[in-house]
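# Structure at a glance
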Amino acid sequence: MARRVFRDFPVSDVQEFPWMMAMGWIAVVVLATAVLYIIFDGFYTVDAHERAVVLRFGKFRPPIVEPGLRFKIPVVDEVIKVSVAENSLRLPFGQPQRGEAAEEESTLMLTGDLNAASVEWTIQWKVESPEKFVFRFYQPNDPQYAERVIRAVAESVMNRLVGDYSIDEVLTEKRSEIAHMAREATQQILDSYDCGVVIRDLQMQRVRPPERVRPAFEEVNASLQKREQLENEAKKERNERLPIALAERDKLIREAEGYAQRRRAEAQGEIAALLAQYRQYQKAPEETRRRLYLETMEEVLSRVQVQIVVDENLRQAVLPLLSLPTDTKSN
């Protein structure tokens, strides 16, 4: 049978034919395996919230890969996907503890006046430079490495800033200022790391005194609110009365100015009349003196109801008797 099948081949070739068949099948399998490997390992997908960094022989190969179906050279290229979505981090994040008191202990910070305040805040951050993030914060075996670094930086900054203010300032009017300064200081430290991370926002959540002294602080806050209420009422009354007082002041000033102008005009008129009389007097002193005397006597005598004329020729020894009326009202 073998002789009929391989009658046209030499005996040596017939013996090597199974090995050739085997080698052919092996080549086909290897080729198919390589094609499948290229298909499954060479193509990859970048999601909408991701950007991919391609490393060729460990060196960054720009540009940053945008979302979509992409291809890489197997074995040669390494693709690292980085999420560029905005992340939220609630701080401080301590170890899991039991009970509210233990949880509060992890949020306590020392203020500038040596008091303790419970401070909680949130940070919104995202990756804006994936290539910098990969070379600084990317740890294949530790996906939370970047978050831990950001948390450590933010907590150190917040502890330092809270320590610069009194507890009253931290609890009331300086909260927004502390949040703004904390965001800038945290971003400045991360920029020094050149890690490609940007702090988008920092918000103070809960800032309150410790549970043990909270009732005393509530009483203080109540008194402060009462004081503020009284101050607002006083300002309101002041704002209501001040325009009235200013209007009354302006009115009195105008009346005084008008009176002064009137009196000044009257005085100037009297002065002018006296000067005119003086000039007339200089022209004819005797006639002017007589005229003034007569005018004065006319004015005086016009007010007298009973006039008595005494003759100057009567002798001085004789005392004349004058019968005066007893009823003065009739006179």
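Heads up: these notes are all about the structure in this document. Just so we're clear, the structure is a prediction, and the values are computed from it rather than from any experiment. (Residues numbered from 1 in each chain as written. Predicted model: local features only at pLDDT ≥ 70, side-chain atom pairs only at ≥ 80, totals over all residues. Heavy atoms only, no water.)

The next point concerns the overall build of the protein. Helices and strands together make up the secondary structure of the protein, namely nine helices and nine strands. Relative to its 331 residues, the protein shows a buried fraction of 21%. Taking contacts inside the protein between residues at least 6 apart in sequence as the whole, the part at least 24 apart equals 70%. Accessible surface, the protein as shown: approximately 25000 Å² in total, 56% of it carbon and sulfur. (Helix = DSSP H or I, 4+ residues; strand = E, 2+ residues; numbered from the N terminus. Buried < 20%, exposed > 50% of the residue type's maximum accessible area, 1.4 Å probe, protein only. Contact = heavy atoms within 4.5 Å. Areas by Shrake-Rupley, 256 points an atom, 1.4 Å probe, with all protein chains shown as cover.)

Once that is clear, we can look at the packing of helix H8 (residues 214–283) against helix H9 (residues 285–301). In contact at an axis separation of 5 Å, H8 and H9 are set at 130° when each is read in the N-to-C sense. With respect to each other, H8 and H9 are oriented oblique. Residues Gln280, Tyr281, Gln282 and Lys283 of H8 form the contact with H9, whose participating residues are Pro285, Thr288 and Arg289. For the contact of H8 with H9, the class distribution of residues is two nonpolar, three polar and two charged. (Axes fitted to C-alpha atoms, helices over the stretch in contact; angles between N-to-C directions. Parallel < 35°, antiparallel > 145°, perpendicular 65-115°, else oblique. Nonpolar A, V, L, I, M, F, W, Y, C, P; charged D, E, K, R; others polar.)

The next thing to look at is the environment of Ile80. For Ile80, the position within the fold is in strand S5 (residues 77–83). Residue classification places Ile80 among the buried positions, given a relative accessible area of 4%. Residues in contact with Ile80, not counting those within four places in the same chain, are Arg51, Ala52, Val53, Leu55, Val134 and Tyr138.

By volume, the largest pocket is sized at about 400 Å³. Lining the largest pocket are 17 residues, with Ser83, Trp125, Phe133, Pro143 and Ala146 positioned closest to its centre. Of all the secondary structure elements, the ones that give two or more residues to the lining of the largest pocket are S5, strand S8 (116–127), helix H4 (130–137) and helix H5 (145–162). Looking at the lining of the largest pocket element by element, the count peaks at three residues for S5. Of the residues belonging to the lining of the largest pocket, the class tally is nine nonpolar, four polar and four charged. (1 Å grid on protein atoms, 1.4 Å probe; cavity = no way out; pocket = protein on both sides within 12 Å on 5 of 7 lines; lining within 4 Å. Points joined across faces, edges and corners; volume = space filled by probe spheres on them.)

So, about the pattern of salt bridges. This model, assessed by the stated rule, comprises 15 salt bridges. Note that Arg90 is salt-bridged to Glu120, the shortest N-O span being 2.9 Å. Of this pair, Arg90 sits in strand S6 (residues 87–91) while Glu120 sits in strand S8, and the two are 30 residues apart along the sequence. A relative accessible area of 9% means that Glu120 is categorised as buried. For Lys132, the salt bridge goes to Asp194, with nearest N and O atoms at 3.3 Å. Of the two residues, Lys132 is situated in helix H4 and Asp194 in the loop between helix H7 (175–193) and strand S9 (197–208); the sequence distance between them amounts to 62 residues. Using a relative accessible area of 35% as the deciding quantity, one classes Lys132 as partly exposed. (Salt bridge = Lys/Arg side-chain N within 4 Å of Asp/Glu carboxyl O.)

In this structure, Val119, Trp121 and Met158 are the most contacted members of the largest nonpolar core, which totals 41 residues. It is H5 that provides the largest number of residues to this core, a total of nine residues. Within the second largest apolar cluster, five residues are counted, among which are Tyr44, Ala52, Val54 and Val65. (Core = buried A, V, L, I, M, F, W, Y, C linked by side-chain atoms within 4.5 Å.)

For the pair H5 and H7, interaxial distance at closest approach is 9 Å and the crossing angle is 135°. By the angle between their directions, the pair H5 and H7 is classed as oblique. As for the relative orientation of H5 and H7, their crossing is right-handed in sense. Mapping the contact onto sequence places Val149, Ile150, Val153, Ala154, Val157, Met158, Arg160 and Leu161 in H5 and Ile178, Met181, Ala182, Ala185, Thr186, Ile189, Leu190 and Tyr193 in H7. Grouping the amino acids of the contact of H5 with H7 by side-chain chemistry returns 14 nonpolar, one polar and one charged. (Left-handed = near helix turned anticlockwise from the far one by under 90°.)

Here we take up the sheet that holds strand S3 (residues 59–60). Ordered in space as S3-S2-S5, the three strands form an open sheet in which the pairing is antiparallel. Since the sheet does not close on itself, it has two edges, and those belong to S3 and S5, each with one partner. (Pairing = 2+ DSSP bridges.)

Next up on the list: the packing of aromatic side chains. Aromatic rings considered in pairs are described by the distance between their centres and by the relative angle of their planes. Enumeration over the complete set of coordinates arrives at three aromatic pairs. When the centroid spacing of 6.0 Å and the interplanar angle of 75° are considered together, the rings of Phe137 and Tyr145 count as edge-to-face. Here Phe137 falls in the buried class, since its relative accessible area comes to 6%. Aromatic ring contacts, followed pair by pair, group Phe133, Phe137 and Tyr145 into a single cluster. (Phe/Tyr/Trp six-rings, centres within 6.5 Å; stacked < 30°, edge-to-face > 60°.)

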